Amino acid sequence: MTCFINAAGAWCNGEVAYLAWKANRIDGCLGYMITRVHETGQDAGQRRILPTWIAFTDQSNPQWLAQDASVWPVQSFEWRDLTLRRSRDQATVRPINFRVHYEIVPVGTAGPGRTPVPPSATAPFKDAEGKPRYDGTPRPLFTIGTPFVTAPIDVTHDYGAVRATFTNGILSTQNLLQQLRSAAKAHGEPAAPPNTTKGLLAVLKQEIIDPKSDIRAFLTADVLSFVRQLLDRQMNEGGELFLALYELHDPELISLLVEAVKGGKVHLILSTAGSTNPNARGTAKDERQPVVWDTENNDARAALHKAASASIQDRMFNNSTPIGHDKFAVYVKNGVPTAVMTGSTNWTETGLCTQSNNSIIIEDGGLAKFYLDFWHRLQADAQPKRVPLSVPTAKGKIVGAAPNHAIQGQELRRANMRPFGPVTLADQVSKTEVWFSPNTQATKKTDQSPMPGDLNDVYTLMDHAKQAILFLTFMPGESGKQNIIGEAAKLAKLRPELLVAGAISDPSAMPNFVRPVKGQPKPKVKIPPPSVWWPDGEDSRIAMIRATAISTPVGDLHPELLSAGHAIIHDKIIVIDPMDKDGCAVITGSHNLGYKASYDNDENLLIIRGNQALALCYAVHVIDIYQHYLMRAKQEDEERKALLAGKTPKPPSLNHGFLTTTDSWQDRFFTKQPPTILSYFLQDAAGAAPQAPPRIAAAKAKRGAKKTSSRANARTGRSKPARRVR
C-alpha cells in the first residue's frame with residue numbers, strides 16, 4: 001500500500017511532543033490518526049493512539065471525556081502530544097528518560113483499498129453502564145494507505161551539559177476544569193454551576209499549597225524537583241549553596257529552606273516582594289498611611305531569620321523603582337563552584353503551578369563561578385536595613401516593612417557592564433555567556449535611555465536570525481517600546497520570510513496596545529485589549545498572541561480560569577533558529593527582556609549557543625504555549641472587533657464539536673501562506689530530533705577582536721558595527 005505522507009517529524013521538551021507532517025490533499029480524508037509507540041522505558045512495547053476530545057460538528061462531547069484519534073481524528077498537519085508524560089484524566093506520571101516514535105496515517109471515508117479503523121480499547125463509545133460517552137452517531141473511519149513512522153525521540157531533561165524542564169502551569173484548559181470540579185467534590189464543597197468557574201479559583205488555591213495534591217504535582221511537573229535539586233544536593237553532600245531569590249512564598253520550599261539554613265552552609269539573599277497600600281481611594285493626603293512593603297516575603301523572612309539569621313541577607317528595595325528579581329542558586333563543593341540553577345521560576349506556589357515557567361541547571365565550574373561572583377557583588381552592595389512596619393486597617397493588620405529609597409550602587413553597576421564568558425561546556429558544543437543587571441550607569445530608565453549592553457547582544461542575535469524567532473514573555477515593557485517585543489515586531493514587518501511567533505502575558509505589552517487617554521469617557525461596553533498582532537494586517541500570519549481563556553461557552557467548551565494572580569506566561573525566553581545546528585541560540589534567565597530590567601533590577605540573562613537539542617526543547621515549549629492560546633486569542637479578538645464596530649458579538653453556537661464532516665478542512669493548508677511553525681520544522685523534510693550534543697573535542701570559542709569597541713558603541717545606542725554574532 002501507498003504512504004500518503006511525504007515527511008513527518010517529532011520533537012520534544014521532556015513534557016510535550018510537537019509533531020508535524022507533510023502530505024498532499026487527499027480526497028475523503030477526515031483527518032489523521034496518530035499512534036505513539038514506546039521503544040524503551042516502563043511502557044516499552046506499548047502502543048497508544050493519542051487521545052482527542054474535539055468531536056465532529058454533528059456530535060457533542062458534553063462531559064469532556066476523551067476518545068482518541070481513531071474516533072475523532074486530527075484535522076491538521078501538526079499536533080501536540082500532551083499525554084507524553086502525564087495523563088489528562090488521572091494523576092499518573094510516566095517517569096522521564098524513555099524513547100518513543102509515532103505512526104501517522106490519514107483516515108476518512110470508505111473507498112477502494114481503504115480498510116476500516118478497528119475499535120480502540122482507549123475509545124469506547126459506551127461506558128461500563130452501557131451509556132454513550134458522547135452524543136451523536138459514531139462515524140466509521142477507514143485508513144488511507146500505510147502509516148508514516150517518525151524517527152524516534154528521547155524524552156529527557158538532559159541536553160548535553162545542560163538540564164532543563166518546564167511547568168504545566170496553563171490554567172485555561174478544559175481538563176483542569178474537570179480536575180478542580182472533582183477536587184471540590186472531594187472537599188465536600190458545592191459543585192460549581194454549569195458553564196461558570198465560580199468557586200474553582202478558591203479550590204485551585206487550596207490545591208497548589210498542598211504538597212500531597214495531585215493537581216499541584218500535575219501543574220508543577222518536574223520544575224519543583226529542579227528548583228530543590230541543588231538544595232537537596234547540599235543537604236546530602238554537605239557542600240554550600242548560595243541563593244538569590246525574589247519571591248519566596250511556597251510553604252513546601254520555605255520549610256525546606258528553614259531546615260537547610262540551620263546548618264550554616266546555605267546562604268540566601270532575599271529581596272523585597274509584594275506591597276500593600278492601606279489607604280482607601282480618595283483618602284486625604286494628610287491622612288494617608290505609608291505603603292507596607294515586603295508583604296509577600298514577610299512570613300518566610302521571619303521564619304528564616306529565626307532559624308539562622310546569620311545566613312540571611314535582606315536586600316530591601318521598598319520603593320517602586322528597582323526589584324531584586326533574581327532566582328538562581330549556585331552549588332559549591334569543597335570550595336569550588338560546580339553547578340548553577342536559573343530560569344524564570346519564583347519560589348512561590350503560583351510560580352510553580354499557575355504560570356508557565358522554566359528551570360535550567362548547568363554543571364560547569366566556570367559558569368557557576370560567574371554566578372557566585374555576582375552573588376558576592378550583591379552581598380557587598382549595601383542597602384538600607386529593613387525596618388518592620390505594621391499598619392492597622394478595617395480589614396486587619398498589614399505587616400511588612402517600611403518604605404525606603406534603596407537603589408543599587410555604582411560599583412555593582414560598573415562590574416556588571418560586560419558579559420561574562422563565553423564558556424564552552426563539557427559537551428563541547430554549548431557556548432554560554434551571561435549578563436548581570438543592573439548594568440548601566442543611570443539608575444533609572446527613561447524614554448530616551450540608550451540601549452543597555454545585554455539587550456544589544458540580544459537584539460544582535462535577533463537581527464541576525466536566519467529563519468525563526470520564537471519567544472515567550474511576561475511584561476518587558478508597554479506597547480513593544482524598549483523591549484524585545486518591539487524588536488520582534490519590527491523584524492516581522494521588515495522580513496516577511498522570517499518566522500516570528502511569540503506569546504505574551506500582559507495585555508499592555510502587546511505591540512498594538514494603546515493606553516487610554518486620561519479624561520476620555522469610558523466606553524459603555526468593556527472592550528478587551530488586543531489579543532493578536534499581525535505584522536501586515538489580517539491577511540498576514542498572526543505573529544504574536546496574548547494569553548487568554550474561553551470566557552463564554554462555545555461548542556463543547558466551557559469557560560476557563562486564566563490566572564491565579566497577575567502573571568500567566570512568566571517565561572522570559574527567546575529561541576533563535578532552533579533547526580540550525582550551528583546558529584541556534586536560547587536566551588533565558590530572570591531578565592524580563594526590556595530596558596527596565598537592565599537599568600533597574602537585579603537580574604541574570606543567560607545566552608546558550610550551539611546546543612540544538614536544547615534549542616529544540618525550548619522551541620517546543622514556546623510552541624506548546626503559543627498554540628494553546630492561539631485559538632483563545634482569536635476568539636477574543638473576534639469579540640473585540642465586533643465591540644469596536646459597535647456591534648453585539650455573535651452568540652456562539654453550543655453543544656457540538658468542531659471537526660468538519662467533509663475533507664474541506666484541508667483547504668486552508670493548501671493556500672499560499674507566510675512562514676509557519678509547521679513549514680519551518682519540515683523545511684528539511686527529515687523530521688528527526690537530534691540527540692543530546694556529543695562530547696567531541698573542539699577548540700574553545702574565541703571572542704572577536706572588536707568586542708571591546710562594540711561594547712562601547714552599545715553604551716550610546718545601537719549601530720550596525722555593534723551588531724555581531726559569535
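It should be noted that the structure appears before, not after, this text.
Quantities reported herein were computed from a predicted structural model and do not represent experimental measurements.

Draft legend 1. Structural context of helix α7 (residues 298-308). Among the residues of α7, N298, A300, R301, L304 and A308 are the ones counted as buried. The arc enclosing the buried residues of α7, seen along the axis, measures out at 160°, which places them on a common side. Turned more than 90 degrees from where α7 packs its buried face, D299 and K306 sit exposed. For α7, the secondary structure elements touched by its buried residues are α6 (251-261), β16 (266-271), β19 (312-315) and β24 (396-401).

Draft legend 2. Representation of helix α12 (residues 484-494) within the structure. Three or more residues of α12 are buried, namely I484, I485, E487, A488, A489, L491 and A492. Looking at the buried side of α12, the elements it contacts are α11 (453-463), β27 (468-473), β28 (499-504), β29 (532-533), β30 (544-546) and β31 (573-576). The N-terminus of α12 is capped by N483, whose side-chain oxygen sits 2.9 Å from the backbone nitrogen of I485.

Draft legend 3. The environment of N456, seen in detail. Here N456 shows up in helix α11. For N456, a relative accessible area of 0% gives the class buried. On a C-alpha basis, the gap between N456 and H305 in space is 40 Å, while along the polypeptide they are 151 residues apart.

Draft legend 4. Region of interest: the pairing of strand β23 (residues 388-393). Two elements, β23 and β24, share 6 bridges in a ladder whose sense is antiparallel. Bridged to P388 within β24 is A401. Between β23 and β24, which pair antiparallel and follow one another directly, the connecting turn spans 2 residues.

Draft legend 5. Summary view of the sheet that holds β19. Strand order in the open sheet made by the 8 strands is β13-β14-β22-β21-β20-β15-β16-β19, with mixed pairing throughout. For this open sheet the edge positions go to β13 (158-159) and β19, each flanked by a neighbour on one side alone. With 2 bridges joining them, β13 and strand β14 (residues 162-166) adopt antiparallel strand pairing. Bridge pairing in β14 places Y159 opposite V162.

Draft legend 6. Up close: the environment of A380. For A380, the position within the fold is in helix α9 (residues 365-380). Through-space distance from the C-alpha of A380 to that of L412 is 8.4 Å; in sequence the pair is 32 residues apart.

Draft legend 7. Expanded view of the sheet that holds strand β32 (residues 585-589). In space, the 9 strands of this open sheet follow the order β25-β26-β33-β32-β31-β27-β28-β30-β29, with mixed pairing throughout. This sheet does not close on itself; its edge strands, each paired only once, are β25 (420-424) and β29. Alignment of β29 against β30, held across 2 bridges, turns out to be antiparallel. Paired with W533 across the two strands is M544, which belongs to β30. Contacting β26 (431-437), β27, β31, β32 and β33 (603-609), α11 crosses the sheet at an angle of about 140° to β26. Sheet strands touched by α12: β27, β28, β29, β30 and β31. Its angle to β27, the strand with the most contacts, is close to 150°.

Draft legend 8. A look at the packing of aromatic side chains. By the definition in use, this model includes 22 aromatic pairs. With 5.0 Å between their ring centres and 80° between their planes, F166 and Y618 make a pair best called edge-to-face. One end of the pair, F166, is in strand β14; the other, Y618, is in helix α14 (residues 612-644), and 452 residues separate them in sequence. With respect to class, F166 is no different from Y618; both count as buried. Pairing F420 with F436 gives two aromatic rings, centres 5.6 Å apart and planes at 55°, and the pair type is tilted. Here F436 lies in strand β26 and F420 lies in strand β25, a separation of 16 residues in the sequence. Residue F420 shares its accessibility class with F436, and that shared class is buried. Put simply, the rings of W21, Y32, F77, W665, F669 and F670 touch in pairs and so form one group of aromatic residues.

Parameters at a glance
Residues numbered from 1 in each chain as written. Predicted model: local features only at pLDDT ≥ 70, side-chain atom pairs only at ≥ 80, totals over all residues. Heavy atoms only, no water. Buried < 20%, exposed > 50% of the residue type's maximum accessible area, 1.4 Å probe, protein only. Helix = DSSP H or I, 4+ residues; strand = E, 2+ residues; numbered from the N terminus. Arc of directions from axis to C-beta. Contact = heavy atoms within 4.5 Å. Polar contact = N/O pair within 3.5 Å; in protein donor to acceptor, adjacent residues only side chain to side chain. Pairing = 2+ DSSP bridges. Axes fitted to C-alpha atoms, helices over the stretch in contact; angles between N-to-C directions. Phe/Tyr/Trp six-rings, centres within 6.5 Å; stacked < 30°, edge-to-face > 60°.

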